[in-house]
Amino acid sequence: MEITLDLAKKQRPLKNLPINMKITGWISPYLIYLFSILSIHPNLITLTWIVLAFIGFYFIALGNYTNMVVGILIYHFALLLDSSDGGVARILGKTNAGGEFLDRFFSTINRSLILLVIGFGLFRVRQDTLFLYLGIFSAIFLNLENLIKLKGYEALINSNRFDIIKKKIKKNRKTRHNIKFYIYEAFRPGNHFTLSFFAIIFSLADLYLYIFSVLIFFQTIYVFTKEFFILKHTKQNLLSKQKF
């Protein structure tokens, strides 16, 4: 198969990306093309962006404005690499579940870590432990929200309700570009050019952390309640359930 720029662009169509990801979406095909013709292994790209993300976190944790801006820019360069590894894997025929696992695991961890380092950085500069606590609190509840969703899927798997899982996935794909999605996307820490980025650039990281810590608390309660009541009224398909 001939590797072309058009082929690279097809790996990450702009029309399928949310507005905040279109900037990296314009650039990533060129990286996909370059990495593909150089036959760089996609797992190496993944490991590189993971290391760069942690370097960015280090600078953010230093706390002063200049370091935080440098840190968030390094982190967004890491996100740019993150947006290219999957396309490279598809072109080179090196897709596997292990690479998908690495990508999703560290993407989830990084969203929590960016809250933690913002809180730590503000604590170092302001000498106010409240920011440290807010960073820890926000990171814990963000992970808890994700855990609730994963356990919801686990409950459906154990109940042999793969039909509902398919419906949920289909519904999530359909709602990726509505207003509710973009509001949620704007507050997601660590994503491409969301409020966490602009809060640091415009020196509003403290306000962002205040607001996010409140929102993630109520969001976690909402997600738990929603998952529980949906599952409560979902019958288990035990008759067709296989034993392993």
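Check the entry above for the structure.
Quick summary incoming for the structure in this document. What you see is a predicted model, and the numbers here were worked out from it, not measured in a lab. (Residues numbered from 1 in each chain as written. Predicted model: local features only at pLDDT ≥ 70, side-chain atom pairs only at ≥ 80, totals over all residues. Heavy atoms only, no water.)

With respect to the overall build of the chain
Across its full length, the chain holds ten helices and zero strands. Walking the chain from its N terminus toward its C terminus, one meets helices and strands in the order α-α-α-α-α-α-α-α-α-α. Over its C-alpha atoms the chain spans a radius of gyration of 20 Å, differing by no more than 12% from the 18 Å that the globule rule assigns to 244 residues. Overall, the C-alpha framework of the chain stretches about 60 × 50 × 35 Å when taken along its three principal axes. Out of the 244 residues belonging to the chain, those deemed buried represent 41%. In the chain, of all internal contacts separated by at least 6 residues, the share reaching a separation of at least 24 is 75%. Of the roughly 14,200 Å² that the chain leaves accessible, carbon and sulfur atoms contribute 68%. (Helix = DSSP H or I, 4+ residues; strand = E, 2+ residues; numbered from the N terminus. Rg over C-alpha atoms; globule rule 2.2 N^0.38 Å. Buried < 20%, exposed > 50% of the residue type's maximum accessible area, 1.4 Å probe, protein only. Contact = heavy atoms within 4.5 Å. Areas by Shrake-Rupley, 256 points an atom, 1.4 Å probe, with all protein chains shown as cover.)

Focus on the packing of helix α3 (residues 42-62) against helix α4 (residues 65-92)
Close contact between α3 and α4 brings their axes to 7 Å; oriented N to C, the two are set at 165°. When the axis of α3 is compared with that of α4, the two are roughly antiparallel. Judged by the sense of rotation from one axis to the other, the crossing of α3 with α4 is left-handed. A class-by-class count of the residues in the contact of α3 with α4 yields 20 nonpolar, six polar and two charged. (Axes fitted to C-alpha atoms, helices over the stretch in contact; angles between N-to-C directions. Parallel < 35°, antiparallel > 145°, perpendicular 65-115°, else oblique. Left-handed = near helix turned anticlockwise from the far one by under 90°. Nonpolar A, V, L, I, M, F, W, Y, C, P; charged D, E, K, R; others polar.)

Some details on the side chain of Asn-67
In this fold, Asn-67 is placed in helix α4. The class for Asn-67 is buried, based on a relative accessible area of 18%. Contacts of Asn-67, omitting those with residues within four sequence positions, involve Phe-59, Ile-60 and Leu-62.

Looking at the nonpolar core
Within the largest apolar cluster, 41 residues are counted, with the highest numbers of intra-cluster contacts made by Ile-60, Ile-114, Ile-118 and Ile-200. Apart from the residues lying within four places of it in its own chain, the contact partners of Ile-114 are Phe-57, Ile-60, Ile-72, Tyr-75, Pro-189 and Gly-190. (Core = buried A, V, L, I, M, F, W, Y, C linked by side-chain atoms within 4.5 Å.)

Focus on the pattern of salt bridges
Pairs can form between side chains of opposite charge whenever their charged atoms are close. Tallying each qualifying case throughout the model produces seven salt bridges. A salt bridge links Arg-104 to Glu-100, with the shortest nitrogen-to-oxygen separation between them at 2.6 Å. Remark: Glu-100 and Arg-104 occur in helix α5 (residues 97-126); sequence separation between them is four residues, near one turn of the helix. Residue Glu-100 is classed as partly exposed on the basis of its relative accessible area, which comes to 40%. Between Lys-151 and Glu-154 there is a salt bridge, and its shortest N-O distance comes to 3.0 Å. (Salt bridge = Lys/Arg side-chain N within 4 Å of Asp/Glu carboxyl O.)

Worth remembering: the numbers are spatial, not functional.
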